[in-house]
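# Structural overview
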Amino acid sequence: MDSAKHYADVPTPAPGAAWTALNGRQRVDQVKNKLEASPTQFLSQIEVVTAKADGQVIVRMKQSLPASQRGPFLLDLEDYLREIDQALVVWLEPLGDKNSLRNLRGIEVKA
Amino acid sequence: MTSTAVQTREGALILDSHKLSWHYDRVAAWEAGERIAPVSVDMSLTRACSAMCSFCYAMMQESQARSSIKESHALNLLDDFAEMGIRSVSLVSDGESTISKAYVPFIQHAAKLGINIGNATNAWEWEPEKIEAVLPHITWLRFTVAAGRPESYAKIMYKGPEHTQVFDRAMSHIRYAVELKRKKNLGVTLGIQMVLMPDLKDEILPFAKLGLDLGVDYAVIKHCSDDEQGTLGIDYSQYEALHPLLEQAESMSNEQTKVIVKWSKIKEGDKPTYQRFYGPQFLLQISGSGLVAPSGMFFNARYSKLHIGNFTEERMKDIWKSDRYWRVMNYLASPHFNAQTMMGTLPIQHYVSVALDNHLKGIQRIQPGTGEKPLHVNFL
């Protein structure tokens with residue numbers, strides 16, 4: 001566990017000035033341009049929804065993948081986007097509860 | 001964090017800390033860089049539930065797809081757990097396992113394999129026949145009791161205060177279990193749990209009184225978790241004003257029933273001390289959708305990059321051995337993940353994660369357990 005010991009105190013990277021200086025539209029374009037240049041063809045599987053100044057990149061999957069595939073796919077995507085900035089993290093849009101009874105509470109999962 | 005225990009008639013009960021000292025073999029193996037099996041798994045046999053609790057974290061745990069967990073899946077899962085070296089399973093997670101057809105066979109099969117079982121339930125569908133079939137095989141049973149008064153209970157857990165039949169039904173089943181335990185001298189620990197939202201302060205004392213009236217072994221009051229977006233709107237700063245009432249509730253403990261407050265979680269607030277999330281390697285969570293993800297905090301589709309597999313589609317032992325399992329666990333231990341900003345508050349792995357983080361930082365090293373083992377030692 002040498003590596004974990006090393007990381008326990010290590011701060012999570014924050015986005016650099018080049019990323020934070022962009023506006024929302026420019027950040028999304030930068031992500032899209034990067035993905036278009038990828039040999040992995042990420043864009044055949046996902047759409048970029050937003051790219052926030054704090055480094056969060058929110059994507060939408062065009063079709064559902066099994067759990068065994070979507071995790072590795074999205075971690076590969078995140079690794080690739082870190083070539084733009086080390087602080088970028090990929091999330092999907094959240095899903096609301098499908099339980100009809102619990103839904104009567106009217107809770108909406110925040111994005 | 002120390003391993004504080006509450007002394008009960010049956011032994012030392014640890015609800016507000018962890019038991020890693022008693023699994024020091026796994027801690028040492030983990031520290032040496034080995035790929036360890038979890039000590040414990042928290043899971044559900046379904047995502048469904050007949051209640052609609054206002055505090056329910058399951059509302060924020062919808063993954064991309066649900067699979068139906070059949071009895072064969074559930075029993076294969078237990079066989080894999082035994083092969084992997086998993087020592088306990090708690091049926092809590094994101095659904096009401098008692099309504100699954102696999103519920104009784106699952107518990108009975110676990111007992112045959114020597115895997116300890118714990119279970120949290122609202123007890124609504126937990127009729128005497130089911131109770132008799134499972135109670136002798138269960139280490140602990142914790143009933144979700146949102147409030148001590150029928151109308152409040154029905155308002156928080158169901159459609160409104162007029163639906164007190166759900167309270168009556170639950171109490172009838174809990175009393176049946178308390179009596180069965182006494183009659184058969186069973187080793188199971190029976191408790192009730194209130195999830196305290198700050199606006200429920202008037203329910204604290206009636207809840208403690210109900211615990212005493214039922215004659216359960218404990219009545220525990222815990223914080224309410226929220227996601228990092230604040231979906232449930234919990235204001236953690238409001239808990240401090242409740243401390244006097246909580247202390248008063250604790251003072252109501254008697255010889256049979258201990259009223260316990262999870263102080264460390266209530267005082268922790270919404271930001272943990274740790275950035276890396278080591279706990280899931282020791283205490284893994286599985287959704288009632290079959291999804292294997294490190295923690296219930298990551299069941300929602302939002303966290304799909306941390307989804308590892310689904311045990312209804314492939315064997316659990318193969319998921320555990322896969323590179324993708326360890327890729328996700330290592331991700332959570334890397335600087336790319338920050339528990340303070342990237343997940344909800346106070347996960348089930350909270351105590352374990354604090355202890356492991358303190359261990360690695362040299363703040364407080366975990367020591368091997370000595371002396372008499374606490375109750376439920378295989379549940380971290």
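Attention in this report is confined to the structure presented alongside it. (Residues numbered from 1 in each chain as written. Chains lettered and ligands numbered in written order. Predicted model: local features only at pLDDT ≥ 70, side-chain atom pairs only at ≥ 80, totals over all residues. Heavy atoms only, no water.)

### Notes on the interface of chain B and chain A
In this complex, chain B contributes 63 residues to the contact, which on the side of chain A involves 48 residues. Summed over both sides, the interface of chain B with chain A buries roughly 4500 Å², with 57% coming from carbon and sulfur. A salt bridge links K361 of chain B to D9 of chain A; its shortest N-O distance comes to 3.9 Å. For the pair chain B and chain A, the number of links is 14 residue pairs in polar contact (both at pLDDT 80 or more). Elements represented by at least two residues in the side of chain B that touches chain A include exactly α1 (24-31), α5 (150-157), β12 (309-310), α11 (323-332) and α12 (350-361) of chain B. Among the elements that make up the side of chain B that touches chain A, the one with the highest residue count is α11 of chain B (four residues). Grouping the amino acids of the side of chain B that touches chain A by side-chain chemistry returns 28 nonpolar, 18 polar and 17 charged. (Contact = heavy atoms within 4.5 Å. Buried area = accessible area lost by both parts, 1.4 Å probe. Salt bridge = Lys/Arg side-chain N within 4 Å of Asp/Glu carboxyl O. Polar contact = N/O pair within 3.5 Å; in protein donor to acceptor, adjacent residues only side chain to side chain. Helix = DSSP H or I, 4+ residues; strand = E, 2+ residues; numbered from the N terminus. Nonpolar A, V, L, I, M, F, W, Y, C, P; charged D, E, K, R; others polar.)

### Things to note about the packing of aromatic side chains
A complete count under the given rule lists 15 aromatic pairs over all chains for this structure. A connected cluster of aromatic rings, assembled from ring pairs, spans W91 of chain A together with Y274, F277, F298, Y303 and F337 of chain B. Note that K305 of chain B overlies the ring of W91 of chain A, its terminal NZ or CZ placed 3.9 Å from the centroid. (Phe/Tyr/Trp six-rings, centres within 6.5 Å; stacked < 30°, edge-to-face > 60°. Lys NZ or Arg CZ within 6 Å of the ring centre and 35° of its normal.)

### Thoughts on the pairing of strand β8 (residues 218-222) of chain B
All names here are of chain B. Judged by how many residues are buried, β8 sits mostly within the fold: five of five residues are covered. What you see with β8 is no split at all: Y218, V220 and K222 on one side and A219 and I221 on the other are buried throughout. Bridge count for strand β7 (residues 189-195) against β8 is five bridges, and the pairing is parallel. Residue pairing for β8: I192 is matched across the bridge by A219. Sheet analysis places β8 next to strand β9 (residues 258-261), joined by four bridges and oriented parallel. Across the sheet, residue V220 finds its bridge partner in β9, namely I260. For the segment spanning β8, helix α8 (residues 243-250) and β9, crossover handedness is right-handed. (Buried < 20%, exposed > 50% of the residue type's maximum accessible area, 1.4 Å probe, protein only. Pairing = 2+ DSSP bridges. Right-handed = clockwise from strand over helix to strand, strands pointing away.)

### Topic: the sheet that holds β9 of chain B
Strand pairing within a sheet occurs via backbone hydrogen bonds; the two strands may be parallel or antiparallel. Residue and element names in this part refer to chain B. Taken in spatial order, the ten strands of this open sheet run β9-β8-β7-β6-β5-β4-β3-β10-β11-β12, and their pairing is mixed. Taken across any chain shown, the strands that pair with only one partner, and hence form the sheet edges, are β9 and β12. Taken together, the two bridges between strand β10 (residues 283-286) and strand β11 (residues 291-293) define a ladder with antiparallel strand orientation. Bridge pairing links I286 to V292 in β11.

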